[in-house]
Amino acid sequence: MKRPERITRRALAASLAAAGLSAGAAQAPRGANAGAPAGRLRLAAARIREAAVNKNISPSFRFIP
Amino acid sequence: MPFSAPLPELASLAGLNGALRSGRLKARALVRAAAEPLKEEARPGGAVREVLEDEAMRAAHDVERELGRGRTRGLLQGAPFGVSELLAVAGRRPAWDAGAADARGAGDSAPVARLRGVKALPLAVTASPPLGGVTDGFLASETAAASVVARGLLPFALAVDFNGNVIRAALAQGCCALRPTFGAVSGYGVAPLGWTLATAAVLARSAEDCGVVLDRISGSDSRSPHSPGRAFHFAPQYARAPAQLRAALVQNDEALKASLARLGVGMAEFSGPGLPAVAVLDVILASEAGEAFASELESAPGGREYLAEAAGLRAFDYLRAMRLRRQIQAWLAEAAGRADILVVPWGPARDSQDWLAAEAASACPACTVLAAAILAGAPLFASPAAGGSAWFAVARPQAENTLLRFASAMEAASGGGGAAAVQQF
């Protein structure tokens with residue numbers, strides 16, 4: 001039977017560093033803004049999430065009503 | 001801006017056509033004279049990517065033969081023009097399509113093909129930022145095409161407008177621009193920088209010339225999903241006179257108010273949509289351009305960062321933006337019920353403004369109206385400063401004739417190039 005691979009503290013730190021994370025850093029919960037882009041588009045997306053939308057409006061769109 | 005064309009006949013399409021038809025100017029002599037300054041611009045960093053002189057000379061020879069035997073095809077016959085590299089031109093690999101192996105088999109985009117059909121002569125491919133500068137958001141501008149027209153090197157040019165980039169370029173460089181109702185011009189062969197936003201737009205020296213060009217390039221096309229199935233016919237003489245219109249001035253501008261009063265235009269109150277039109281436009285454009293140009297963005301300057309941001313937008317964000325877009329469209333329809341034209345003064349400070357921040361602070365109703373008009377697919381006309389402020393105007397979809405008649409009258413009122421056009425209405 002194959003023995004489970006031993007994960008050393010050093011190997012874990014290297015894996016985390018490769019993923020752009022630091023050992024021991026708390027992970028933010030994946031909430032409403034998970035995956036949201038940083039910068040201008042993040043702000044734009046945040047603004048449209050805040051805007052009130054009428055429930056009866058569908059996203060299908062015709063240019064010449 | 002002083003007119004410095006290599007040939008004075010390039011000042012207007014009507015004047016140019018008169019010179020060609022009367023024989024005072026030969027089409028090949030026109031192409032040779034127009035090509036010289038364009039070749040000087042065809043340097044790294046210049047406004048022109050390529051001058052299509054040989055091809056234009058052959059087409060000009062055909063025009064001379066046609067005119068010699070009395071065959072006329074309208075005001076665009078023999079007129080040289082510029083095309084942004086975001087529109088496909090036969091025999092040239094599209095700059096925006098990394099997948100296109102070479103130029104063999106590449107055809108014209110629909111607007112260019114329609115212009116060739118009336119023997120207009122594509123003479124220059126104008127330079128555009130990589131992918132139109134879509135990664136720059138509201139700093140994107142079709143400067144090169146607008147500059148070539150504003151300096152009188154060509155009577156008109158076609159460019160691709162996806163977020164007001166052509167409108168802003170015209171206002172900054174000093175020429176006119178018409179962004180037509182979305183779908184009026186086929187999108188076939190036009191860089192799909194936003195499937196529901198990007199359209200071919202016209203840059204010219206007067207409202208009348210914009211109308212003449214749109215008349216030829218519009219029309220139904222089964223290859224274009226948004227085609228309304230009908231063409232635009234330039235007939236401003238049948239549109240309502242300015243004195244029968246009501247306009248809403250989006251921001252106070254005394255010179256514009258005086259021009260509107262001189263024309264007898266009725267004034268209506270303006271109130272904004274109260275919706276984040278700039279943010280909605282940014283999200284929809286990033287979603288559509290990011291999906292369509294993922295591989296091209298990887299290698300464009302700043303493209304990788306933009307792509308990472310665009311990929312972070314969720315389907316929920318796009319759907320919400322599209323629902324807000326419907327509300328913005330409804331607002332514009334309601335505003336168009338009170339005023340036939342929305343008139344927006346434009347200052348140079350707007351070109352470098354952070355639009356998102358300005359809209360959030362309710363500091364830029366002009367930015368909001370520009371974004372709202374693009375989202376609703378409404379026609380926009382940009383007029384350079386001529387004895388007053390630069391401005392742009394918005395009308396309801398398919399009301400281009402009303403918009404152009406109004407713009408011609410405003411040009412005449414401010415001493416611009418539209419005087420001749422107004423006299424004939």
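Residues numbered from 1 in each chain as written. Chains lettered and ligands numbered in written order. Predicted model: local features only at pLDDT ≥ 70, side-chain atom pairs only at ≥ 80, totals over all residues. Heavy atoms only, no water.

A. Molecular detail of the overall build of chain A. Across its full length, chain A holds two helices and zero strands. A buried classification covers 15% of the 65 residues belonging to chain A. Of the roughly 5,400 Å² that chain A leaves accessible, carbon and sulfur atoms contribute 55%. (Helix = DSSP H or I, 4+ residues; strand = E, 2+ residues; numbered from the N terminus. Buried < 20%, exposed > 50% of the residue type's maximum accessible area, 1.4 Å probe, protein only. Areas by Shrake-Rupley, 256 points an atom, 1.4 Å probe, with all protein chains shown as cover.)

B. Geometry of the side chain of B:Thr402. All names here are of chain B. Along the chain, the position of Thr402 falls in helix H15 (residues 400-413). Under the relative-accessibility criterion, Thr402 is labelled buried at 15%. Those residues in contact with Thr402 that sit more than four places away from it in its chain are Ala239, Leu245 and Ile341. (Contact = heavy atoms within 4.5 Å.)

C. Structural view of the environment of B:Ala330. In this structure, B:Ala330 sits in helix H12 (residues 315-338). By relative accessible area, which is 47% here, B:Ala330 ends up partly exposed.

D. Representation of the domain arrangement of chain B. All names here are of chain B. According to the domain assignment, chain B consists of domain 1 (8-237) and domain 2 (238-275 + 320-423). Averaged C-alpha coordinates put domain 1 and domain 2 at centres separated by 24 Å. Listed as interface residues are 36 residues of domain 1 and, on the opposing side, 33 residues of domain 2. Taking both sides of the interface into account, the surface hidden between domain 1 and domain 2 amounts to around 2,800 Å²; carbon and sulfur atoms contribute 65%. Counting the contacts that link domain 1 with domain 2 gives zero salt bridges. Seen at the junction of domain 1 and domain 2, the total is 13 residue pairs in polar contact (both at pLDDT 80 or more). (Domains from an automatic or database assignment. Buried area = accessible area lost by both parts, 1.4 Å probe. Salt bridge = Lys/Arg side-chain N within 4 Å of Asp/Glu carboxyl O. Polar contact = N/O pair within 3.5 Å; in protein donor to acceptor, adjacent residues only side chain to side chain.)

E. Quick peek at the interface of chain A and chain B. Taken together, the 30 residues of chain A in the interface contact 42 residues of chain B. The contact between chain A and chain B buries some 2,900 Å² in all, and 63% of this surface belongs to carbon and sulfur atoms. By the criterion of area lost to chain B, the three top residues of chain A are A:Arg40, A:Ile48 and A:Phe63, representing 26% of everything that side buries. For the pair chain A and chain B, the number of links is three salt bridges. A salt bridge links B:Asp317 to A:Arg49, with the shortest nitrogen-to-oxygen separation between them at 2.8 Å. Scanning the region where chain A abuts chain B turns up twelve residue pairs in polar contact (both at pLDDT 80 or more). Class assignment of the residues belonging to the side of chain A that touches chain B gives a composition of 19 nonpolar, five polar and six charged. (Nonpolar A, V, L, I, M, F, W, Y, C, P; charged D, E, K, R; others polar.)

F. Region of the structure containing helix H1 (residues 13-22) of chain B. Residue and element names in this part refer to chain B. Within the sequence span of H1, burial applies to Leu13, Leu16, Asn17, Ala19 and Leu20. One face of H1 carries all of its buried residues, which in axial projection span an arc of 160°. Contacts made by the buried residues of H1 are with helix H2 (27-41), helix H3 (53-68), strand S2 (80-84), strand S4 (156-161) and helix H7 (207-217). Gly23 lies just past H1 and shows a positive phi near 85°. (Arc of directions from axis to C-beta.)

G. Here's a closer look at the sheet that holds strand S10 (residues 380-383) of chain B. Residues and elements named next belong to chain B. Ordered by their spatial adjacency, eleven strands build an open sheet running S1-S3-S2-S4-S6-S5-S10-S11-S9-S7-S8, and the pairing between neighbours is mixed. Both outer strands of the open sheet, strand S1 (48-51) and strand S8 (266-268), are each paired with one neighbouring strand and no more. Each neighbouring strand pair of the sheet contributes to a mean axis angle of 25°, computed without reference to strand direction. The sheet contact formed by S2 and S4 spans two bridges and is parallel. Opposite Gly82, over in S4, you have Ala157 as the bridge partner. On top of the sheet, helix H6 (residues 165-173) reaches S4, strand S5 (176-179), strand S6 (199-204), strand S9 (341-346), S10 and strand S11 (390-395); it is set at about 135° to S4, its chief contact. (Pairing = 2+ DSSP bridges. Axes fitted to C-alpha atoms, helices over the stretch in contact; angles between N-to-C directions.)

H. Local environment of the state of the cysteines. Residues and elements named next belong to chain B. Following the criterion strictly, the structure yields one disulfide over all chains and no others. Looking at the unpaired Cys175, the closest cysteine sulfur is the one in Cys176, lying at 6.8 Å. Unpaired in terms of disulfides, Cys176 finds its nearest cysteine sulfur in Cys210, a separation of 5.5 Å. The class for Cys176 is buried, based on a relative accessible area of 2%. (Disulfide = S-S within 2.5 Å.)

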